[in-house]
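Each chain is listed here by its residues.
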Amino acid sequence: MNIVLYGSIALIAIAFLILVVYVVQTLKTLQTTLQHVAKTVEEVEKQMHEIGKETAQLLHKTNALADDVHKKAESLQSVFDAVKQVGVTVQTFNNSISKTLTTNEKKITQAIQWGQTLIEIWTKWKEKRK
């Protein structure tokens, strides 16, 4: 019976040894995998830091561009105001001419008739001279 007991203990020790060997191999594989993961995370961290720098630079450039566009829009506003003033002036001038024409319509008509009459007289006088 002692032999069976010693044999069983030896068998348990061998099984435990095999189990420990497999656990050690698994832990070594896990350690290698974790090292690769740590390297990958480190690289991703570096890339994220670079992306953060580039994003900050892009944001600064975008803000500068927005300021430039705002300044140019403000300078164009004065041009639009000047064009508006020219339009108002032209409209006022047209209204003034229109009022003058309507108030002096009879005089203008008479002047045109006199002009036509003078042209006819001039043409006839030229014909008689020839």
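The structure under discussion appears in the preceding block.
The paragraphs below set out a description of the structure included in this document.

Rules used in this analysis
Residues numbered from 1 in each chain as written. Predicted model: local features only at pLDDT ≥ 70, side-chain atom pairs only at ≥ 80, totals over all residues. Heavy atoms only, no water. Helix = DSSP H or I, 4+ residues; strand = E, 2+ residues; numbered from the N terminus. Rg over C-alpha atoms; globule rule 2.2 N^0.38 Å. Buried < 20%, exposed > 50% of the residue type's maximum accessible area, 1.4 Å probe, protein only. Salt bridge = Lys/Arg side-chain N within 4 Å of Asp/Glu carboxyl O.

With respect to the overall build of the protein
On a plain count of helices and strands, the protein comes out with two helices and zero strands. Taken over C-alpha atoms, the radius of gyration comes to 52 Å for the protein, far larger than the 14 Å a tight globule of 130 residues would show. Overall, the protein is about 165 × 35 × 25 Å in size when its C-alpha atoms are taken along their principal axes. In the protein, which comprises 130 residues, the share counted as buried stands at 0%.

Here's the deal with the pattern of salt bridges
Overall, the coordinates contain two salt bridges when judged by the stated rule. The salt bridge partner of Asp 68 is Lys 72, with a shortest N-O separation of 3.3 Å. Linking Asp 68 with Lys 72, this pair stays in helix 1 (residues 2-103), spanning four residues, or about one helical turn. You can call Asp 68 partly exposed: its relative accessible area is 32%.

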